[in-house]
Amino acid sequence: MIYRIGEFMSRGTSLEEPQRENASVVRWCTRSDVSPLRYPGGKRKLAPFIADLISRTTVPIKLFVEPFAGGASVAISLLEANAVERIALSDLDTLVAAFWNTVFSSRASSLADRIYDCPITLGEWKRQKDLEPQTEFDAAFKCFFLNRTSFSGSLHNKAGPIGGMAQTSKYPIDCRFNRSKLAERIIELSTLRNRVQFVRKQSYYKTLGDVRRMKLFKEEPKSIAWYFDPPFFAKANKLYHKSFVASDHARLRAATDSVPGEWILSYDDHPDARSHYGGHPGFARVNLQYTARIDSQERLVATEVIVSSIIADLRSRGELNDSAAIIQLPRRRQNSLVSIGGRSVENATQAG
Ligand SMILES: C[S@@+](CC[C@H](N)C(=O)[O-])C[C@H]1O[C@@H](n2cnc3c(N)ncnc32)[C@H](O)[C@@H]1O
């Protein structure tokens, strides 16, 4: 089956030449190992769509900020494909922030060594679960280890080990822990560290304030693009250490009125997402497919809501005349044709 992401963007337009070449984004985005973390609700598959969006801004994007970083697969995909010059990451979860700060530091090779050497046993899982990390390095390892050995990659206190406490399942605790591949990927990512503006452990709100105060790109404030991927409306408290209550969702909605730069936000397609953002001129829907373990059951999470200042601008310039389109993204293991920036490229998606 053929899906055309670009069809959405070019509908109603006069199919101009692409502003910037970013076909290589697709190659990176379809790598299943973009992020060393298995993140529940990870948005790797949205990366081609986001690349397409940011290729249509009025000025090229120099800094891409992911203030709900999690597995950070969108920021990393865009960076590796040179669709953006630099990235900045933050997350309120201490372990997640410690992980990314270590990956993009000179301690990355020590982290890789530890991954090569660590025991991958239930005993180590229990030890890591109870551990109070004394250093950022220990927190980074704890994040990685529990992410690779717990159900659905969840760092939540209640998440159990893959294979269960009895380890009687056909999937043992180490089945998602290909140590050499993962360690090599961490080394590979660490080479990008001079293109990482910052990694911080803090709320998205503080990151918005920090970037505003930094006064980056004073002449071209629109050189910054933000990707907000907050905790889900539904069940997020079962997936993440740090989740949102109703007032947090409302505060984020208000914050989007004054973002310093362009922005894209994704949400699970929940009635509350539609009530907060349905009237926004940058509202659209995208079909994604992934599974999450919720209440001991594997559930399919499908449609996402996307809201973006870029979509709103395109609509206001009359370059996009649809509303609330549902966009189908490529499924795993299928060869698909994805049109990025108006140009088509072959895209063989890989298994995740
Ligand atoms: C949906 S996940 C992000 C997934 C990520 N986009 C990916 O592709 O892997 C939401 C993240 O927001 C973080 N978070 C929760 N509350 C936050 C807050 N107030 N500020 C910043 N991050 C927060 C959680 O720790 C979690 O990592």
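Before going into details, it helps to say that this report is about the structure given with it. (Residues numbered from 1 in each chain as written. Predicted model: local features only at pLDDT ≥ 70, side-chain atom pairs only at ≥ 80, totals over all residues. Heavy atoms only, no water.)

### Some details on the overall build of the protein chain
Regarding its fold elements, the protein chain presents 14 helices and 10 strands. Relative to its 352 residues, the protein chain shows a buried fraction of 57%. Contacts in the protein chain between residues at least 24 apart in sequence constitute 72% of all its contacts with a sequence separation of at least 6. Of the accessible surface of the protein chain, which amounts to about 15100 Å², a share of 48% is contributed by carbon and sulfur atoms. (Helix = DSSP H or I, 4+ residues; strand = E, 2+ residues; numbered from the N terminus. Buried < 20%, exposed > 50% of the residue type's maximum accessible area, 1.4 Å probe, protein only. Contact = heavy atoms within 4.5 Å. Areas by Shrake-Rupley, 256 points an atom, 1.4 Å probe, with all protein chains shown as cover.)

### Considering the pairing of strand β5 (residues 262–268)
Where burial is concerned, most of β5 is hidden: 7 out of the 7 residues are buried. Across the two faces of β5 the burial is the same, with Glu262, Ile264, Ser266 and Asp268 and Trp263, Leu265 and Tyr267 all buried. As paired elements, strand β4 (residues 224–228) and β5 share 4 bridges and run parallel to each other. By the bridge assignment for β5, phenylalanine 228 is matched with leucine 265. (Pairing = 2+ DSSP bridges.)

### Quick notes on helix α5 (residues 94–103)
Extensive coverage of α5 is indicated by the burial of 8 of its 10 residues. Buried within α5 are the following residues: Leu95, Val96, Ala97, Ala98, Phe99, Trp100, Thr102 and Val103. Two or three places before leucine 95, at the start of α5, stands the capping residue aspartate 93, its side-chain oxygen 2.8 Å from that residue's backbone nitrogen. (Polar contact = N/O pair within 3.5 Å; in protein donor to acceptor, adjacent residues only side chain to side chain.)

### Digging into the site of the ligand
Close contacts around the ligand come from 23 residues, with Tyr39, Lys43, Gly71, Asp91 and Asp229 the closest. Contact distances for the ligand include 2.6 Å between an oxygen atom and a side-chain N or O atom of tyrosine 39. Residue leucine 92 places a main-chain N or O atom 3.3 Å away from a nitrogen atom belonging to the ligand. Residues belonging to the shell around the ligand are distributed by class as follows: 11 nonpolar, 6 polar and 6 charged. (Near = heavy atom within 4 Å. Nonpolar A, V, L, I, M, F, W, Y, C, P; charged D, E, K, R; others polar.)

### Some details on the packing of helix α6 (residues 108–117) against helix α9 (residues 179–190)
It is at 9 Å that the axes of α6 and α9 come closest, and there the two elements cross at 180°. Here α6 is positioned roughly antiparallel relative to α9, judged by the angle of their axes. Across from Ala108, Ser109, Leu111, Ala112, Ile115, Tyr116 and Asp117 in α6, the residues of α9 making contact are Arg179, Ser180, Ala183, Glu184, Ile186, Ile187 and Ser190. Tallied by class, the residues present in the contact of α6 with α9 amount to 8 nonpolar, 3 polar and 3 charged. (Axes fitted to C-alpha atoms, helices over the stretch in contact; angles between N-to-C directions. Parallel < 35°, antiparallel > 145°, perpendicular 65-115°, else oblique.)

### Some thoughts on the environment of tyrosine 171
Along the chain, the position of tyrosine 171 falls in the loop between α8 (136–149) and α9. Classification of tyrosine 171 as partly exposed rests on a relative accessible area of 48%. Each residue touching tyrosine 171, except ones within four places of it in the same chain, is listed here: Ile162 and Gly163.

### Looking at the pattern of salt bridges
Counting across every chain of the model gives 13 salt bridges. Across the pair glutamate 80 and arginine 185 runs a salt bridge whose closest N-O atoms are separated by 2.7 Å. Of the two residues, glutamate 80 sits in helix α4 (residues 73–80) while arginine 185 sits in helix α9, which places them 105 residues apart along the sequence. As far as burial versus exposure is concerned, glutamate 80 and arginine 185 are alike and both buried. Here aspartate 269 ties to arginine 274 by a salt bridge, and the two come within 2.8 Å at their closest N and O atoms. Residue class for aspartate 269 comes out buried when judged on its relative accessible area of 18%. Residue classification places arginine 274 among the partly exposed positions, given a relative accessible area of 37%. What you see here is one network of salt bridges that share partners, running through Arg200, Lys206, Asp210 and Arg213. (Salt bridge = Lys/Arg side-chain N within 4 Å of Asp/Glu carboxyl O.)

### A short note on helix α3 (residues 47–54)
Of all 8 residues that make up α3, 8 are buried, and the element is covered over most of its length. Taken as a whole, α3 has its buried residues at Ala47, Pro48, Phe49, Ile50, Ala51, Asp52, Leu53 and Ile54.

### Here we look at unusual backbone geometry
Although it is not a glycine, serine 152 sits at a positive phi angle of roughly 55°. Mapped onto the fold, serine 152 is located in the loop between α8 and α9. Residue classification places serine 152 among the buried positions, given a relative accessible area of 19%. At glutamine 167, a position not held by glycine, the phi torsion is positive, near 55°. With respect to the element layout, glutamine 167 can be found in the loop between α8 and α9. With relative accessibility at 26%, the residue glutamine 167 sits in the partly exposed group.

### Observations regarding the environment of aspartate 93
If you trace the backbone, aspartate 93 turns up in the loop between β2 (86–91) and α5. Residue class for aspartate 93 comes out buried when judged on its relative accessible area of 4%. Here the alpha-carbon distance between aspartate 93 and alanine 69, two residues 24 residues apart in the chain, equals 9.5 Å. Ignoring anything within four residues of it in the chain, the contact list for aspartate 93 reads Leu155, Lys201, His241 and Lys242. Side-chain polar atoms of aspartate 93 contact the backbone nitrogen of leucine 95, separated by 2.8 Å.

### Quick word on the packing of aromatic side chains
Counting across every chain of the model gives 14 aromatic pairs. Plain terms: the ring middles of tryptophan 100 and phenylalanine 104 are 5.9 Å apart, the flat faces sit at 20° to each other, and that makes the pair stacked. One exposure class covers both tryptophan 100 and phenylalanine 104, and it is buried. Pairwise contacts between aromatic rings join Phe99, Trp100, Phe104, Phe141, Phe144, Phe145 and Phe177 into one cluster. Positioned over the ring face of phenylalanine 141 is arginine 114, at 4.1 Å from the centre of the ring. A cation over an aromatic ring shows up here: arginine 200 above the ring of phenylalanine 198, its NZ or CZ 4.3 Å from the ring centre. (Phe/Tyr/Trp six-rings, centres within 6.5 Å; stacked < 30°, edge-to-face > 60°. Lys NZ or Arg CZ within 6 Å of the ring centre and 35° of its normal.)

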